[in-house]
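# Observations on chain architecture
Listed below are the residues making up each chain.
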Amino acid sequence: MTLIVDAFLCRTDNIGYLAHDTATGATAAIDAPDAETIIEQAEGRGWTISDVLVTHHHFDHTDGIPALKERYGATITGPASEAEKIGVLDRLVDPGDEIMLGSVRLEVFGVPGHTLGHIAYFDPAGMHLFTGDALFSLGCGRMFEGTPGPMWEGLARLRALPDDVLIYCGHEYTQANGRFALSIDPANQALVARVREADQLRAAGSLTIPVPLGQERKTNPFLRADDPDFAAMLNLDGTEPSAVFAHLRAAKDMFRG
C-alpha cells in the first residue's frame, strides 16, 4: 500500500492536496479550498475523490466541500468539536482516533490553537503529515481561537515524529515565514540555506512543500521554544517553553518584514 500525494496551489496561496491510495484507488482531498481546482487536478490524474479530510473549519479550507460532495458523493471527515461550524461532516474524529483511506491507516493528532478543534492527519507507513494551518514550513498558524500552552503542546507532539516525515501544510507561506525567522535567528546556517532554497523554488514556479520534519526542527523557530540556548538568544533565559512560544507568536503577528 502506497500513498501518492499531489500538491498544487488553490485560491491565492492555499495548497491543495490529493492523497491517493495506489492499492484501492481511494483518493482524499486534504481540505477543500477550491473545488474547481481540486476536480481539475483529480480528473487530470484519472482519480475519483472518495474522501475529504478536513483539518479545521475556516472557509478557505471548507469552501469546496459541497461541490465535491455533490460531484463524487465523497465521505467528509473532520474534527468532531468543529462539526457544527463545518456543517457537512459524515465522519467525526477526535485526537487519538485512526481512520482508513482505502488500505492506508491515518492517525489523527490534536493541534489546537489556530482553531480550538484543529487536527492533523498522519500516514505512519508513508511518513506523510497533513498539518493544515497548525504547522507551516518555518512557521505556525496564528492563534485565532486558542492559547499558547495547548498550541505549543500540539506542535511538540508533531515535532516528536521521525525526521523523515514530510510536512504538507495548508498555505505557501515559506518565504514570508523565512523573513521573520531570519530576523530573530540570522546566524542559523540551516535556516539561511532553507530560505535560499525556498526563494529558488518559488522563482522556478515550484512549491516549497513538502519539507522534512528533521529540517524544520533545525530551522523553524516555533519548534524550538524549549531549546534553552534559543530562549537565551531571545533574552528569555529560563522562561517556560509555552511562554517562549507565546513571545514568538506575538512577535510574528507584529512583524512587517
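Residues numbered from 1 in each chain as written. Predicted model: local features only at pLDDT ≥ 70, side-chain atom pairs only at ≥ 80, totals over all residues. Heavy atoms only, no water.

Note: α-helices contain 3.6 residues per turn, so residues at a spacing of three or four share the same orientation. Relative to the 21 Å expected for 15 residues at 1.5 Å per residue, helix α7 (residues 189-203) spans 21 Å between its end C-alpha atoms, a close match to the ideal helical length. Looking at the buried residues of α7, the elements they touch are α6 (174-184), β14 (211-212) and α8 (213-219). At the N-terminal boundary of α7, the capping side chain belongs to asparagine 188, with an oxygen 3.1 Å from the backbone nitrogen of alanine 190. Among the residues trailing α7, glycine 205 stands out with phi positive, at a value near 80 degrees. (Helix = DSSP H or I, 4+ residues; strand = E, 2+ residues; numbered from the N terminus. Expected span 1.5 Å × (residues − 1). Contact = heavy atoms within 4.5 Å. Polar contact = N/O pair within 3.5 Å; in protein donor to acceptor, adjacent residues only side chain to side chain.)

So, on to the sheet that holds strand β13 (residues 166-169). With respect to topology, six strands assemble into an open sheet ordered β7-β8-β9-β10-β13-β14, the strand pairing being mixed. With partners counted over all chains shown, the strands left at the sheet margins are β7 (98-101) and β14, one partner each. With four bridges joining them, β7 and strand β8 (residues 104-110) adopt antiparallel strand pairing. Across the sheet, residue methionine 100 finds its bridge partner in β8, namely arginine 105. Of the strands in this sheet, β8, β9 (119-123) and β10 (128-132) are in contact with helix α5 (residues 148-159), which crosses β8 at around 150 degrees. (Pairing = 2+ DSSP bridges. Axes fitted to C-alpha atoms, helices over the stretch in contact; angles between N-to-C directions.)

Moving on to the sheet that holds strand β2 (residues 14-21). Strand order across the open sheet formed by six strands is β1-β2-β3-β4-β5-β6, with mixed pairing between neighbours. A strand with exactly one partner marks an edge of an open sheet, and here the two such strands are β1 (3-10) and β6 (91-93). With strand direction ignored, the average angle separating the axes of adjacent strands in the sheet is 20 degrees. Across three bridges, strand β5 (residues 75-79) lies against β6 in parallel orientation. The residue bridging threonine 77 from the neighbouring strand is arginine 91, located in β6. The strands touched by helix α1 (residues 35-45) are β1, β2 and β3 (27-30); relative to β1, the strand with the most contacts, the crossing angle is about 140 degrees.

The subject of this paragraph is the pairing of β10. Counted residue by residue, β10 has five buried out of five residues, so it is predominantly covered. Sheet analysis places β9 next to β10, joined by three bridges and oriented antiparallel. Paired with aspartate 123 across the two strands is histidine 128, which belongs to β10. Linkage of β9 to β10, two consecutive antiparallel strands, is achieved through a turn of four residues, within which methionine 127 is found at a positive phi near 65 degrees. Bridge analysis of β10 against β13 gives four bridges, and the strand direction is parallel. Note that in β13 the partner of glycine 132 across the bridge is cysteine 169. (Buried < 20%, exposed > 50% of the residue type's maximum accessible area, 1.4 Å probe, protein only.)

The subject of this paragraph is the packing of aromatic side chains. Two aromatic rings, taken as a pair, are described by how far apart their centres are and by the angle between their planes. Enumeration according to the criterion identifies nine aromatic pairs in this entry. Note on phenylalanine 109 and phenylalanine 122: the rings are 6.1 Å apart at their centroids and 80 degrees apart in plane angle, and the pair reads as edge-to-face. Linking phenylalanine 109 in strand β8 with phenylalanine 122 in strand β9, this pair joins segments that are 13 residues apart in sequence. Classification of phenylalanine 109 as buried rests on a relative accessible area of 16%. Plain terms: the ring middles of tryptophan 152 and phenylalanine 245 are 6.4 Å apart, the flat faces sit at 40 degrees to each other, and that makes the pair tilted. Note that tryptophan 152 is positioned in helix α5 and phenylalanine 245 in helix α10 (residues 241-254), a separation of 93 residues in sequence. Of the two residues examined, tryptophan 152 and phenylalanine 245, each falls in the buried class. One aromatic cluster is present, built from ring pairs that chain together Trp152, Phe180, Phe222, Phe245 and Phe255. (Phe/Tyr/Trp six-rings, centres within 6.5 Å; stacked < 30°, edge-to-face > 60°.)

When you line up the elements, leucine 68 lands in helix α3 (residues 65-72). Judged by its relative accessible area of 0%, leucine 68 is buried. With 32 residues separating them along the chain, leucine 68 and glutamate 36 place their C-alpha atoms 8.9 Å apart. Once residues within four sequence positions are removed from consideration, leucine 68 is found in contact with Ala29, Ala32, Ala35, Ile38, Ile39, Ile49, Val52, Gly73 and Ala74.

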